[in-house]
Amino acid sequence: MMESGYIAPKQKIVRGDDTKLKVIIVGAGLGGLGAAISILLAGHDVLVLEGASEIAEVGAGIQILPNSSRVLQQWGMLNSLSRYATRPKCVNMLSWKGTLISSLDFASSAVQYPGTFYWDFHRANLHTCLLERAVELGAEVRCKARVVGVRVDSDSDSNSNLGSQVVGGRDGATVVLESSEEIWGDLVVGADGINSRLRELLLKRADPPTPTGDLAYRLLLSTSSMLADPDLAPLVTDPQVNYWLGPDAHAVNYVLKGGELFNMVLLVPDDMPADGASTLEGNVVEMRKLYEGWDPRIGKLLGLCESVYKWRLCIRGPMDRWSHESGAWTMLGDAVHATLPYLASGAGMSLEDGAVLGECLSRISSKSRSSKRHALKIYEECRKERTEMVVQRGNLQQYLYHLHDGPEQEERDRMMRMVPTPKGEALAWRDPELAPRLLGYDALRDVDEHWTKEEKDAVQCRL
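Residues numbered from 1 in each chain as written. Predicted model: local features only at pLDDT ≥ 70, side-chain atom pairs only at ≥ 80, totals over all residues. Heavy atoms only, no water.

Q: Go over the layout of surface pockets, please, and point to the residues and values.
A: Reported here for the second largest pocket is a volume of approximately 230 Å³. Elements supplying a minimum of two residues to the lining of the second largest pocket: α13 (369-401), α15 (434-439) and α16 (443-462). Taken together, the residues that form the lining of the second largest pocket break down as four nonpolar, one polar and eight charged. (1 Å grid on protein atoms, 1.4 Å probe; cavity = no way out; pocket = protein on both sides within 12 Å on 5 of 7 lines; lining within 4 Å. Points joined across faces, edges and corners; volume = space filled by probe spheres on them. Helix = DSSP H or I, 4+ residues; strand = E, 2+ residues; numbered from the N terminus. Nonpolar A, V, L, I, M, F, W, Y, C, P; charged D, E, K, R; others polar.)

Dropping the structure here:
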């Protein structure tokens, strides 16, 4: 259900060639396509380069929280997304044995952030809608275009002088593809995911993701068998999000595709080889054994699963700077700030990155290096602290969700039952300190406040 309040779609800016940037986005995931939409709405040209042979999104379900729903509506996507959305009525926090600890009504929560909603999607549907919107706005998207290098036109890496010379009269960067093809742009945006090649190129060193000690089993079940079981049928017919919290593990599930599919994620200690692949085929029997003794409904659900894959969960530590000092290259999304999925905010942060970057680029009035630098400076100021906060809170959620039975677990549950609940409670979307900051975020307002502050500071310096 969408609450009252209207979030107006942004209109595309029409620019002349003198202010229109050629932007190359590396990566066609949710973050890359979101950035493409936002930058296209800012009036610039966008080329999206994807290394895979086809544009596709792997994974299962994804939860869209109020802050993300605001971004998607500002991009003019409400109608296209509404066709695929499941609209859960609440989230339930349960003990591992199945006892209800606390609930949050989504409509009551969303009304605090007018015009927003909590919707659930199959990732492929959300990805398709983003791709279609980007193409509709004029994006060029190329597959089999793996980027292996970036060459900036300035020599500023070896010369601290901000007025360093420009190669061939151009002031941008060239991406080098695996095929040896080279493509030039005014701005390169690295959106190539958690295993980012562009992050390492920008840092000029190896920088692998950091394992968290957890892995995820991701399941998509057909609901037809569930509907025949009186214990499982209500999970389909009355869509809700359920979290089971237990010793060293938790489980999450919700309905997708109008009740056709049931998404379930199991979060357990990482037992994958340290130097091996980050995704492996899982053993169904082994997975079921990890949840023996839990709520009987989980046992029944896992009994419907015939095969499964498991993913190592990693995070990204903060980068000192997100952008090259030339103003010709920046980063966004999981490449910068991959987080545990325990706030359901990883994709949301990537979408917000794109929204902020596009809004900053909408305000430039020239293609000069100084204009690009200024836009990227504001972009980073808006995003750096916020995304680091989300990564850190995701780590806290890992601790809170996986407590063993005992005094700490009892205190966690007591805090979730308080009215009103205190800051730091485990149901983070209701945390009185976190929730307004996380869910009430408005990218356009954030840019406006930072941009205005920058202008005021500049005037003050001249006085």
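Q: Residue-level account of empty space enclosed by the protein, with values.
A: For the structure on display, the rule yields two cavities of 30 Å³ or more. Considered as a void within the structure, the largest cavity measures approximately 60 Å³ in volume. Looking at the largest cavity, the residues that line it are Val91, Met93, Tyr243, Tyr342, Leu343, Gln397, Tyr401, Ala426, Leu427, Ala428 and Trp429. Going through the elements one at a time, β4 (90-95) and α13 are the ones with two or more residues in the lining of the largest cavity. Grouping the amino acids of the lining of the largest cavity by side-chain chemistry returns ten nonpolar, one polar and no charged. Here the second largest cavity is characterised by a volume of approximately 30 Å³. Lining the second largest cavity are Lys10, Ser38, Gln74, Trp75, Ala355 and Leu444.

Q: Residue-level account of the packing of helix α1 (residues 30-41) against helix α5 (residues 123-136), with values.
A: Closest axis-to-axis distance for the α1/α5 pair is 9 Å, and the angle between their directions is 25 degrees. The angle between the axes of α1 and α5 places the two elements in the roughly parallel class. As for the relative orientation of α1 and α5, their crossing is left-handed in sense. Residue-level contacts link Leu30, Leu33, Ala36, Ile37, Leu40 and Leu41 of α1 to Arg123, Leu126, His127, Leu130, Leu131, Arg133 and Ala134 of α5. Across the contact of α1 with α5, the residue classes break down as ten nonpolar, one polar and two charged. (Axes fitted to C-alpha atoms, helices over the stretch in contact; angles between N-to-C directions. Parallel < 35°, antiparallel > 145°, perpendicular 65-115°, else oblique. Left-handed = near helix turned anticlockwise from the far one by under 90°. Contact = heavy atoms within 4.5 Å.)

Q: Lay out the sheet that holds strand β1 (residues 22-26) in plain terms, naming residues and giving numbers.
A: Read from one edge of the open sheet, five strands run β7-β2-β1-β11-β18, paired in parallel fashion. Two strands close off the open sheet at either side, each with one partner strand: β7 (140-142) and β18 (329-331). Neighbour-to-neighbour, the strand axes of this sheet turn through a mean angle of 20 degrees, independent of strand direction. Of the pairings in the sheet, the one linking strand β11 (residues 187-190) to β18 comprises three bridges and is parallel in character. (Pairing = 2+ DSSP bridges.)

Q: Report on the nonpolar core, specifying residues and quantitative values.
A: Of all hydrophobic cores here, the largest spans 74 residues; its most connected members are Ile25, Trp75 and Leu130. Broken down by element, this core gets its largest block of residues, eight residues, from α1. Residues in contact with Trp75, not counting those within four places in the same chain, are Gly34, Ile37, Ser38, Leu41, Leu130, Arg133, Leu351, Gly354 and Ala355. Judged by nonpolar contacts, the second largest core, of 40 residues, contains Val91, Ala110, Leu340 and Met416. (Core = buried A, V, L, I, M, F, W, Y, C linked by side-chain atoms within 4.5 Å. Buried < 20%, exposed > 50% of the residue type's maximum accessible area, 1.4 Å probe, protein only.)

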